[in-house]
Structures are given as structure tokens and as C-alpha cells.
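# Observations on chain architecture
So the chains spell out like this:
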Amino acid sequence: MTTDSLPRAFALLLKRDLVLAVRHRAEMLNPLLFFVLITSLFPLGIGAFPKLLAAIGPGIIWVAALLAALLSLDGIFRSDFEDGTLEQYLLSSHPVSVLVLAKVLAHWLITGLPLLLVAPLLGILLGLPADAIWILLLTLLLGTPVLSLLGAVGVALTVGLRKGGMILSLLVLPLYVPLLIFAANAVDTAAAGLPVTAHLSFISALLVLALSLSPLATAAALRISLS
Amino acid sequence: MFNNFFHKLASPVHFYRISGRLIPWLGAGFVLLTMAGLYYGLVKAPPDYQQGDSYRIMFVHVPAAWMSLFIYIVMAGAGAIGLVWHIKLAEVISISSATVGAAFTFLALVTGSIWGKPMWGTWWVWDARLTSELILLFLYLGVIALHNAIDDKRTAARATAILAIVGVVNIPIIHYSVEWWNTLHQGPTVTKFDAPSIHVSMLIPLLLMAVAFKVYYAMVVLMRARCEVLERERHTSWVKQLAEPQ
Amino acid sequence: MSISEFLDMGGYAFYVWTSYGITLVILVANVIGPLRLRRKLLADITRTARRARKNT
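Residues numbered from 1 in each chain as written. Chains lettered and ligands numbered in written order. Predicted model: local features only at pLDDT ≥ 70, side-chain atom pairs only at ≥ 80, totals over all residues.

Each helix and strand counted, chain A has nine helices and zero strands in total. Secondary structure elements of chain A, listed N to C terminal, follow the sequence α-α-α-α-α-α-α-α-α. Against the 2.2 N^0.38 benchmark of 17 Å for 227 residues, chain A shows a C-alpha radius of gyration of 18 Å, consistent with a compact globule. Dimensions of chain A, computed from the C-alpha atoms along their principal axes, are close to 60 × 35 × 30 Å. A total of 227 residues make up chain A; the buried ones form 46% of that total. Sequence separation of 24 or more characterises 81% of the internal contacts of chain A that already satisfy a separation of 6 or more. (Helix = DSSP H or I, 4+ residues; strand = E, 2+ residues; numbered from the N terminus. Rg over C-alpha atoms; globule rule 2.2 N^0.38 Å. Buried ≥ 20, exposed ≤ 12 C-beta atoms within 10 Å, placed from the backbone. Contact = placed C-beta atoms within 7 Å.)

Structure, rendered in C-alpha cells:
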């Protein structure tokens with residue numbers, strides 16, 4: 001990155017990660033398959049009672065999304081850490097939080113956004129009504145970036161550790177709880193035919209908060225992990 | 001003169017000595033306050049007309065819950081101070097608070113569960129407060145796990161400070177979300193954990209126990225901090241002198 | 001109020017005394033922990049110093 005311009009650095013970083021992901025297209029399927037598998041396990045474990053599945057469906061799908069996100073988080077900084085690129089980010093003259101934002105955006109496009117493609121299918125599998133499926137998509141659209149943003153903080157704290165993956169869940173899942181509560185309940189409420197503007201406003205607020213604060217925390221955590 | 005005091009306090013040697021002298025006094029204060037609190041709570045306060053004598057669990061449950069939150073805030077605040085101003089003592093206080101904070105959280109959960117059994121007939125209810133406490137316990141365990149996973153003390157202190165700060169920002173959000181979640185599933189029985197107005201005969205022991213727990217925390221955090229200081233300064237001459245007085 | 005009435009806690013004896021008992025255990029454990037840790041640290045430091053002196 002010989003150029004000094006920040007937008008250009010952002011775009012380059014984003015493009016690089018996306019190109020790398022497209023080259024390993026098969027790996028993009030992993031969180032997707034996990035998402036579908038986890039959701040499918042519940043009817044097998046609980047019993048195919050349509051009313052029951054429709055009632056707990058939103059919760060199941062959102063928990064599965066959380067777990068899929070958790071599974072894919074390690075990849076945000078892993079390869080960069082291993083080949084030393086991560087240190088280059090810290091040494092560059094650009095604010096690390098903006099570079100982090102580029103990495104997180106790439107991660108979301110690769111692992112979060114695809115979940116939306118599969119979500120309607122899962123909604124149908126669990127017997128959710130059409131209104132609920134639309135809201136499910138909307139909550140996933142607003143919520144999956146939050147999963148990537150908050151997850152990045154956890155990854156940054158554990159990237160230098162040998163067994164970082166194990167405590168990553170412990171660090172990140174409590175932070176996911178508010179999103180889970182409001183997103184799952186939004187879909188539930190939509191299934192009952194009631195308005196969900198309040199839920200969506202709250203989730204949007206979480207997104208804005210995460211967008212503004214978590215890159216700073218991630219940058220600080222990266223500095224500490226690599227010191 | 002005050003400035004001088006704080007400068008001295010921040011030096012590990014002086015901190016070790018001064019805290020060593022404070023701890024017995026804090027211990028005595030804790031014992032006295034607890035005896036007073038237990039007397040007023042278990043003996044003097046009358047039975048509740050609805051819950052009978054079981055409400056007396058409140059005198060340990062509520063102060064424990066208050067402490068769990070208070071200690072987390074201290075842990076995050078001290079961590080922030082250590083991070084911003086590079087004050088080692090702040091780092092030490094922060095990490096020394098984690099275990100005792102987790103212990104109070106666990107205590108709040110257990111006593112809440114035991115209190116709930118005669119009230120609601122089950123050992124666990126997804127009550128808003130208990131659920132929030134459970135998540136708080138996970139937040140504490142995360143801090144402890146992260147600290148144990150990092151070998152270098154300085155890096156560990158700074159990483160856990162970041163985690164604690166992220167956690168403390170999330171606590172009101174989590175609390176609000178869980179409370180909102182709970183109101184959707186409110187059963188016919190309203191939670192008994194906060195009585196609308198508390199009689200003064202019950203308030204006095206509650207406050208006494210709350211102060212007693214605070215004094216206890218001060219004592220324990222200083223005890224742990226001294227260990228942390230010893231560990232960090234083990235290669236200095238003053239520590240070696242301490243271990244083997246020549 | 002007699003002692004036995006006090007201990008009975010209006011029938012809730014198990015719940016009340018178990019709660020206070022667990023409280024006592026946790027409070028005591030959190031005091032004993034640092035005490036033992038300090039003793040262990042000081043012993044460890046002494047041992048290391050002694051070994052260093054032997055090696056010189």
C-alpha cells in the first residue's frame with residue numbers, strides 16, 4: 001500500500017479479502033452448511049410437532065446463526081496473524097480501526113450475508129408464516145453485521161493465544177444475548193401478526209453502537225495482542 | 001501532601017506495606033458490621049406476612065447481587081485507568097477483583113435459586129434478575145479465562161481491561177434486554193425479589209449487610225492485590241528481602 | 001422467641017440456613033485463597049533465591 005489515501009487502503013483491503021474468499025469458494029459453504037445442519041437437528045431432537053416448531057423456530061434459527069457466526073469468526077484475523085500481515089496493519093500510518101472495519105465488512109459479506117440466502121428455506125422447514133420470514137430476513141440483515149463487529153473484538157483479544165478458539169465463545173456469546181433476544185422475539189411477534197418497529201429500532205441501535213465503538217475496541221485489542 | 005500520598009501508594013513497596021496494615025482493620029469492620037446486620041436481620045426483624053421467615057435470605061442475596069455489579073464496575077474502571085494512564089496498581093486492582101466478583105455473582109445466583117424454591121416451587125426460574133446475573137457470571141468467567149490464557153502479566157492485564165470495559169458497556173444493554181424479555185413471559189406471580197416498599201426494620205439489616213460486604217471486598221481485593229504485586233515484583237530486592245529477612 | 005423457634009425459621013430452616021451456610025463458605029474461601037497464595041509465593045521466591053545462590 002504505497003498510497004497514503006485512507007479510502008484507497010480500505011478498498012484495497014476489502015477487495016483483497018473478498019478475492020481470497022472467492023478463490024476458496026468451498027470454504028464459504030462451511031458456515032452455511034453449519035447453519036442448516038444445526039437448524040435441522042432440532043426437529044430431530046425434539047420431534048416434528050408443527051405448532052411447537054413454528055413457535056420455537058425463530059429462536060432456533062437465530063441461535064444457529066449465532067453459532068455459525070462463532071464458527072467463522074476465527075478466520076477474520078487468523079491468516080493475517082500467521083503470515084505477519086496483521087503487524088503491518090498496526091505499523092501502517094492508517095487508523096487501525098478503519099482497517100478493522102474493512103476486515104469486518106469483508107467477513108460479513110463472506111459469512112453473514114449468505115445466511116440470508118438460506119434463511120427463508122429454514123423458515124419454511126420450521127413452518128414459519130410468510131410475514132415472519134420477511135422479518136427474519138430483516139433481522140438477519142441488521143443483526144449479522146453486529147455478530148461480525150462484536151465477534152471481531154473477541155477474536156482480536158484471543159488471536160495470539162494457542163487455544164484462543166475455546167474461550168472465544170465464552171467472551172463473545174454474552175455480548176450476543178441482547179441481539180438474540182430482540183431478533184428472535186421480532187420474528188415471533190411478526191408471526192403473530194403484530195408490528196415490530198420497536199424491535200427493529202432496537203436492533204438498528206445495536207448496529208449503530210457496534211459500528212461506532214467496536215472497531216476502536218478491536219484496534220486496541222489487536223495492539224495489545226501483538227505487543 | 002495528598003499528591004505525595006497517592007504517589008507513594010502507587011509504588012508497589014508502599015502499597016504492600018500500607019495495605020498490609022489496613023487489612024486487619026477491614027476484617028474487624030466486616031465482622032462487626034456482619035454481626036450487627038445478622039442480629040437485626042435474623043433476630044429483630046419480624047417475619048414477612050407473605051413469605052414468612054424465608055425472606056431473610058434477602059439479607060445475603062441482595063447485597064451479593066449489588067456487590068456483583070459494583071465489583072464489575074470497579075474492575076472495568078480500574079482497568080480503564082491502568083490502560084489510559086499506565087498505572088500498574090490500577091491493573092493489579094482490576095484483575096484482583098475478578099475472582100471475588102465472580103464469587104459474589106455465584107452467591108447471588110445460588111441464594112436466589114434457594115429463595116425461589118419455597119416461593120415458586122422450582123429451583124430455577126428465568127426471572128429477569130437471575131438471568132441477568134447468570135450472564136454477568138459468564139462475563140466474569142470470560143475475564144478470568146482470558147487472564148489465565150495469556151502468559152505475560154502486562155499483556156494479560158491490558159487485554160482483560162479491554163474485555164472488562166466492553167463488558168461494562170454491555171451490562172445495561174443486557175440488563176434492559178433481559179428485563180424486557182422477561183416481561184413478555186411474566187407469569188401470574190410477580191417476582192418477590194423487589195418488594196414495592198421495604199419496611200425500615202428490614203432496610204436497616206439490608207444496608208448493614210451491604211456495607212459489610214463492601215468492606216469485605218476491600219479487604220479481599222487488597223489481599224489478592226498484594227499477591228499479585230509479589231508475583232510481579234519477585235525479582236526486586238525488596239521482595240527478596242521480604243521472603244528471606246537477612 | 002426460643003432458640004429452637006429461631007433455628008426453625010418458620011419452617012423454612014433448610015432454605016435460610018443453607019443460604020447463609022453457602023455464604024459463609026464462599027466468604028471464608030475467598031479469604032483463605034489469597035492467604036495460602038501469599039504463603040506459597042513467598043516460599044517459592046525463597047526457594048528460587050536459594051537455588052540461585054547454590055548455582056553461583
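Let us now look at the interface of chain B and chain A. Counting residues at the interface gives 22 residues for chain B, matched by 19 residues for chain A. Going through the elements one at a time, helix H5 (128-149) and helix H6 (153-184) of chain B are the ones with two or more residues in the side of chain B that touches chain A. Ranked by residues supplied to the side of chain B that touches chain A, first place goes to H6 of chain B with 13 residues. Across the side of chain B that touches chain A, the residue classes tally to 17 nonpolar, four polar and one charged. (Nonpolar A, V, L, I, M, F, W, Y, C, P; charged D, E, K, R; others polar.)

Residues and elements named next belong to chain B. Here Ile-93 lies in helix H4 (residues 88-120). Spatially, the C-alpha atoms of Ile-93 and Arg-226 are 9.4 Å apart, while their sequence positions differ by 133 residues. In contact with Ile-93, other than residues within four places in its own chain, are Ala-78, Val-221 and Ala-225.

Moving on to the interface of chain B and chain C. At the junction of the two partners, chain B supplies 29 residues and chain C supplies 23 residues. The set of elements that each furnish at least two residues to the side of chain B that touches chain C consists of H4, helix H7 (200-232) and helix H8 (237-243) of chain B. Here the side of chain B that touches chain C takes nine residues from H4 of chain B, the largest share from any one element. Taken together, the residues of the side of chain B that touches chain C sort by class into 17 nonpolar, three polar and nine charged.

Located in the positive-phi region is His-86 of chain B, a residue other than glycine, with phi close to 55°. As for its position among the elements, His-86 of chain B is in the loop between helix H3 (58-85) and H4.

Our focus in this paragraph is the packing of helix H3 (residues 50-73) of chain A against helix H6 (residues 96-125) of chain A. Residue and element names in this part refer to chain A. The interhelical angle for the contact between H3 and H6, taken along N-to-C directions, is 155°, at an axis separation of 11 Å. As summarised for this structure, H3 and H6 are arranged roughly antiparallel, according to the angle between their axes. In the packing of H3 onto H6, the handedness of the crossing is right-handed. Facing Gly-57, Ile-61, Ala-65, Ala-68, Ala-69 and Ser-72 of H3, the residues of H6 in contact are Thr-111, Gly-112, Leu-115, Ala-119, Leu-122 and Gly-123. Of the residues that constitute the contact of H3 with H6, the class distribution is seven nonpolar, five polar and no charged. (Axes fitted to C-alpha atoms, helices over the stretch in contact; angles between N-to-C directions. Parallel < 35°, antiparallel > 145°, perpendicular 65-115°, else oblique. Left-handed = near helix turned anticlockwise from the far one by under 90°.)

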